[in-house]
Amino acid sequence: MADYNFKQVEQKWQKIWEENGTFRAVDGSDKEKFYALVEFPYPSGAGMHVGHIKAYSGLEVVSRKRRLQGYNVLFPIGFDAYGLPTENYAIKTGIHPRKVTDMNIEKFTSQLKRVGFSFDWDRVIDTTDENYYKWTQWIFLKMFEHGLAFRDKTLVNYCPSCKVVLSNEDSQGGKCDICHSDVVQKSKDVWYLRITEYADKLLEGLEEVDYLPNVKQQQINWIGKSRGAFVNFKINEVPEELKIYTTRPDTLFGVTFMVMAPEHPLIDTYKEKIANFAAVEEYRKECAKKTEFERTQLVKDKTGVKLEGFTAKNPVNGKDIPIYISDYVMMGYGTGAIMAVPAHDGRDYDFAKKFGIDIIEVIEGGNIAEEAYTGDGKMVNSDFLNGFDNKKDSIAAMIEHLKKEGIGEEGVQYKMKDWAFNRQRYWGEPIPIVHCPHCGLVPVPYDELPLKLPDVENFEPGQDGESPLAKIDSFVNCKCPKCGGAAKRETDTMPQWAGSSWYFLRYIDPHNDKALADMDKLKYWGPVDWYNGGMEHVTRHMIYSRFWHRFLYDIGAVPFKEPYLKRTAQGLILGPDGVKMSKSRGNVIDPNEVVDVYGADVLRTYVLFMGDYEQAAPWSESSMKGCKRFIDRLWKLQDITVEGDNYSDDLMSAMHKTIKKVSEDIEAMKFNTAIAAVMALLNQIYDKGAITRAELRDLILIVNPFAPHITEEIWEKQNFGGMLNEAAWPSYDEAKCVDATIEIPVQVNGKIRERIHVAPDAEQPEVLERVHALEKIAAECAGKTIVKEIYVKGRIVNIVVK
RNA sequence: GCGGGUAUGGCGGAAUUGGCAGACGCGCCAGAUUUAGGAUCUGGUAUCUCCGAUGUGCAGGUUCAAGUCCUGUUACCCGCACCA
């Protein structure tokens, strides 16, 4: 047999698959469906990364296996093409983002095809295609109609370098997610999506899906639901109440001061009554100047200013307490003001120590002279709560009291905030809203969608962060759809997360021009059975898309509640130096080069063999050569193939065991051990020196999902009949997975002294009888008393002697 | 600080969930083939004081039996972070 020519073979089969539409998903089939989804790529100019290959190879293998098992598989791909890098490239080069995007999509497509992924290429979507974003705009208008899209003037995160307003999610740690420069606070009119209204639904939905535990936990933390109480504190000097939120209302008797966020509006309302207003203003200025970095890094050093001339009354004991402002209280959470219980909160404790404020213990168990005690314990110094010994009961009792006295109520808070939903950028979906001087915000009529993104010459954002669209008079000036008067269009565009929030629905019916997808098709294909992607998308992208989807369900546009039944995440591929791949480090591996030198089958096999799929692992070229050897050895099996319609006796259990192992491991995403099992089988076959046609046929089938090109070629060369992808996944017989005899280690006091061969179903008396007949074991036991004898069937013998 | 995770040969990693630690691959050593290199094939490869003992970050514990379970502890990684 001539050496394996991967270049020729891979091209040959890729062409055949393409011409035959081999991997097309069939609408309206009687077969059971399987919808596998991978996160569609952003088509960047750099082209694909080996990380993409690993991300897609997991469900690629599952999909190919499921097809052989008779499923109707939908395994689609598309492009999430709106975004800043393309726009910035356009600004730099003057090439239109449309052109850049088309070029990049073409590049990605050819790269993906070279790897032989079994995507359904008839269903490719592009979020920047007007037939796609028409429906993105449609969903936005539906949200507007239902009061979920609204406009508000607030402080926003603004990146002075990108000249763009960012969501909290895009500016974590006070750094711009795109350019990593410092984000500043700015007052602006912005669009929001009321995702907070869906917080509970998003939490409840998690109970019915199968996500990795840490994915679920991250989403729960992100939503950040907490239960507690709102309590009103009277301010003594003015007719005003200061409302606070607390998770521990039962510690009210330990409150010795209050703290307001520096931005709290009450401060301005009563500024002429604040005796030290100049000092307050000074402090507020300092806070506004602080970067997020300083705020978080100097956590322990508490700062603040007392509001002179104001005191509050503790509503449970009537004590007068001072009010401070401090930047450790945030305006964006709760009510922007807190009751401080220094004895039982670390931050309040630090503040009280620094400002010399009383610390009153109300929960026993700690040493409040040393530090705040945040554990549970018996209530003290707390009037009617004294004697309660767990927080559940004491909180319930206090809430009861607050309600009865009319000073507070039960409450819930979320860390999640409403989603800032606009960018002052060109390369995004136009927001289909008209600003009419008479009618206010008026939606573009549905029959006028898509509201097309106009052509512009200059993609630079305007000064002060205005969208480039604002400069195009023909776009901006329009008639109000409601009153017909002169009006202006919204010029902001949607954020990059918009298009990806519903793309999995469009794959189901990508060419539909009547609806985002046909209801019958949605019923057949939905929901996504298995979604794999990166860990970095489990909060933002996944929560956003679960929100959109749940909204669409609530208005009857989709027939299922949760979009993704199962979610897994692949680990990163690190550079050969063990560090995350990056252009600046120069440790990036180009998949094209790997395909050139080793072939697509080797690349596919290696990214799955290199380690635990869900764990990060460094790239190693020499390790990949091992996979190259594996592929070549697979080819050479043809040299030792002999006639035979059955498995041979000496490979019987090995064949069945391997089929079982590979079948199970693929479903469990343990691709590395599946490949290892096949390698071990290959070693055994070469030791024996022969393989029957029946064995080769099934071996080729189970390797096919990993290495589809070479296996199709062998299939054809060996005349196994038809195309491999029309054959059935081999089955295994549980009874034949066991060998005729198995080796059992024999331990004396837990140390292995001998080994014997027994039938797998041999019973304990028989085995022990044979064990005692062994010379070495008899010697070990001589003169000692046998305390215990254990035989674990098929595993081990242990004799305990004294 | 909170939440989640990881720790096993020279390296990437296995271990049926309490039952032979180191599967499989890389690397390395030796041999075969080759003018040579590469490729390929065969054998070996945890450590040590090597007929026996030791060994899964560290210290204890449970058990006939622990990488796996329990208690404590250290280091590193990821996510969130002054969230009241």
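All figures in this text were calculated on a predicted structure; none of them were measured in a lab.

About the cut-offs
Residues numbered from 1 in each chain as written. Chains lettered and ligands numbered in written order. Predicted model: local features only at pLDDT ≥ 70, side-chain atom pairs only at ≥ 80, totals over all residues. Heavy atoms only, no water. Phe/Tyr/Trp six-rings, centres within 6.5 Å; stacked < 30°, edge-to-face > 60°. Helix = DSSP H or I, 4+ residues; strand = E, 2+ residues; numbered from the N terminus. Buried < 20%, exposed > 50% of the residue type's maximum accessible area, 1.4 Å probe, protein only. Lys NZ or Arg CZ within 6 Å of the ring centre and 35° of its normal. Disulfide = S-S within 2.5 Å. Polar contact = N/O pair within 3.5 Å; in protein donor to acceptor, adjacent residues only side chain to side chain. Contact = heavy atoms within 4.5 Å. Pairing = 2+ DSSP bridges. Axes fitted to C-alpha atoms, helices over the stretch in contact; angles between N-to-C directions. Parallel < 35°, antiparallel > 145°, perpendicular 65-115°, else oblique. Left-handed = near helix turned anticlockwise from the far one by under 90°. Nonpolar A, V, L, I, M, F, W, Y, C, P; charged D, E, K, R; others polar. Salt bridge = Lys/Arg side-chain N within 4 Å of Asp/Glu carboxyl O. Core = buried A, V, L, I, M, F, W, Y, C linked by side-chain atoms within 4.5 Å.

Break down the packing of aromatic side chains for me, citing the residues and quoting the values.
By the definition in use, this model includes 46 aromatic pairs. Their ring planes at 45° and their centres at 6.3 Å tell us that tryptophan 419 and tryptophan 548 sit as a pair that is tilted. Placement of the pair is tryptophan 419 in strand S16 (residues 419–420) and tryptophan 548 in helix H16 (residues 540–554), with a sequence separation of 129 residues. Residue classification places tryptophan 419 among the buried residues on the basis of a relative accessible area of 1%. Note on tyrosine 613 and phenylalanine 671: the rings are 5.2 Å apart at their centroids and 90° apart in plane angle, and the pair reads as edge-to-face. In this pair, tyrosine 613 is assigned in the loop between helix H18 (600–609) and strand S24 (617–618) and phenylalanine 671 in helix H21 (residues 671–688), connecting sequence segments 58 residues apart. Judged by relative accessible area, which is 0%, phenylalanine 671 ranks as buried. These aromatic residues form a ring-pair network of at least three members: Phe140, Phe144, Trp191, Trp419, Phe421, Trp497, Tyr544 and Trp548. The ring of phenylalanine 475 is capped by arginine 489, whose NZ or CZ atom sits 5.7 Å from the centre of that ring. It is lysine 566 that lies over the ring of tryptophan 530; its NZ or CZ is 3.8 Å from the centre.

Run through the state of the cysteines, naming residues and quoting values.
Under the definition given, this model contains zero disulfides. Cysteine 480 provides the cysteine sulfur closest to cysteine 436, a residue in no disulfide bond, and the two sulfurs are 3.6 Å apart. Here cysteine 436 falls in the buried class, since its relative accessible area comes to 6%.

Kindly report on the side chain of serine 467, identifying the contributing residues and their values.
Secondary-structure assignment places serine 467 in the loop between strand S18 (440–443) and helix H13 (473–476). A distance of 2.7 Å separates the side chain of serine 467 from the backbone oxygen of threonine 491, its partner in a polar contact.

Describe the environment of alanine 46, and please don't skip the residues or the numbers.
Structurally, the position occupied by alanine 46 is in the loop between strand S1 (33–38) and helix H2 (50–68). On the basis of relative accessibility, which here comes to 55%, the residue alanine 46 falls in the exposed class. In contact with alanine 46, not counting residues within four places along its chain, are Lys107 and Lys583.

Describe helix H22 (residues 693–703), naming the residues involved and giving the relevant values.
Side chains that are three or four residues apart share a direction in an α-helix, a result of its 3.6 residues per turn. Judged by how many residues are buried, H22 sits mostly within the fold: nine of 11 residues are covered. Listing the buried residues of H22 in full gives Ala694, Glu695, Leu696, Asp698, Leu699, Ile700, Leu701, Ile702 and Val703.

Can you tell me about the sheet that holds strand S19 (residues 477–479), naming the residues and giving the values?
The strands that make up a sheet are held in pairs by hydrogen bonds between backbone atoms, and each pair lies either parallel or antiparallel. The strand order across the open sheet built from four strands is S18-S17-S20-S19, with neighbouring strands paired in antiparallel fashion. Single-partner strands in this sheet number two, and they are S18 and S19. Here the strands of the sheet are splayed against their neighbours by 45° on average, with no regard to which way each runs. Bridge count for strand S17 (residues 433–436) against S18 is four bridges, and the pairing is antiparallel. The residue bridging histidine 435 from the neighbouring strand is leucine 441, located in S18.

Before we move on, can you summarise the environment of isoleucine 589 with the specific residues and values?
Residue position: isoleucine 589 is located in the loop between strand S23 (573–574) and helix H17 (591–598). Look at isoleucine 589 and you get buried, because its relative accessible area is 17%. Taking the C-alpha atoms as reference points, isoleucine 589 and glycine 575, separated by 14 residues in sequence, lie 7.5 Å from one another.

So what's going on with the packing of helix H3 (residues 84–93) against helix H4 (residues 97–115)? Residues and values would help.
Two quantities define a packed helix pair, namely the angle between the axes and the distance from one axis to the other. Interaxial distance between H3 and H4 falls to 9 Å at its minimum, and their mutual angle equals 120°. One finds that H3 runs oblique with respect to H4. Along this stretch, H3 crosses H4, giving a crossing that reads as right-handed. Counting all contacts with H3, which are made through Thr86, Tyr89 and Ala90, the residues of H4 involved are Pro97, Val100 and Thr101. Classifying every residue of the contact of H3 with H4 by side-chain character gives four nonpolar, two polar and no charged.

Could you give an account of the pattern of salt bridges, with specific residues and numbers?
Under the definition given, this model contains 44 salt bridges. Residue lysine 403 pairs with glutamate 410 through a salt bridge whose shortest N-O separation is 3.7 Å. Across the pair glutamate 743 and arginine 755 runs a salt bridge, and its minimum N-O distance is 3.5 Å. Separated by 12 residues along the polypeptide, glutamate 743 in strand S27 (residues 742–748) and arginine 755 in strand S28 (residues 751–758) bring together distant segments of the chain. Classification of glutamate 743 as partly exposed rests on a relative accessible area of 44%.

Which residues make up the sheet that holds S28, and what values do they have?
Taking strand neighbours across the sheet as the criterion, the four strands line up as S28-S27-S30-S29 in an open arrangement whose pairing is mixed. The open sheet has two edge strands, S28 and strand S29 (786–792), and neither has a second partner. The sheet shows a mean angle of 15° between the axes of neighbouring strands, direction not considered.

Give me the environment of methionine 260: which residues, what numbers.
Position of methionine 260 relative to the elements: it lies in strand S11 (residues 257–260). On the basis of relative accessible area, methionine 260 is assigned to the buried category, the value being 3%. Here the alpha-carbon distance between methionine 260 and glycine 387, two residues 127 residues apart in the chain, equals 32 Å. In this view, methionine 260 contacts Leu242, Leu266, Ile267, Leu307, Ile323, Tyr324, Ile325, Ser326, Val329, Gly336 and Ala337; residues no more than four positions away in its chain are not counted.

Account for the nonpolar core, naming residues and giving values.
Core analysis: the largest hydrophobic core is formed by 86 residues, its most contacted members being Leu603, Trp619, Leu637, Phe671, Leu699 and Phe706. In this structure, Ala149, Ala199, Leu206 and Ile431 belong to the second largest nonpolar core, which totals 84 residues.

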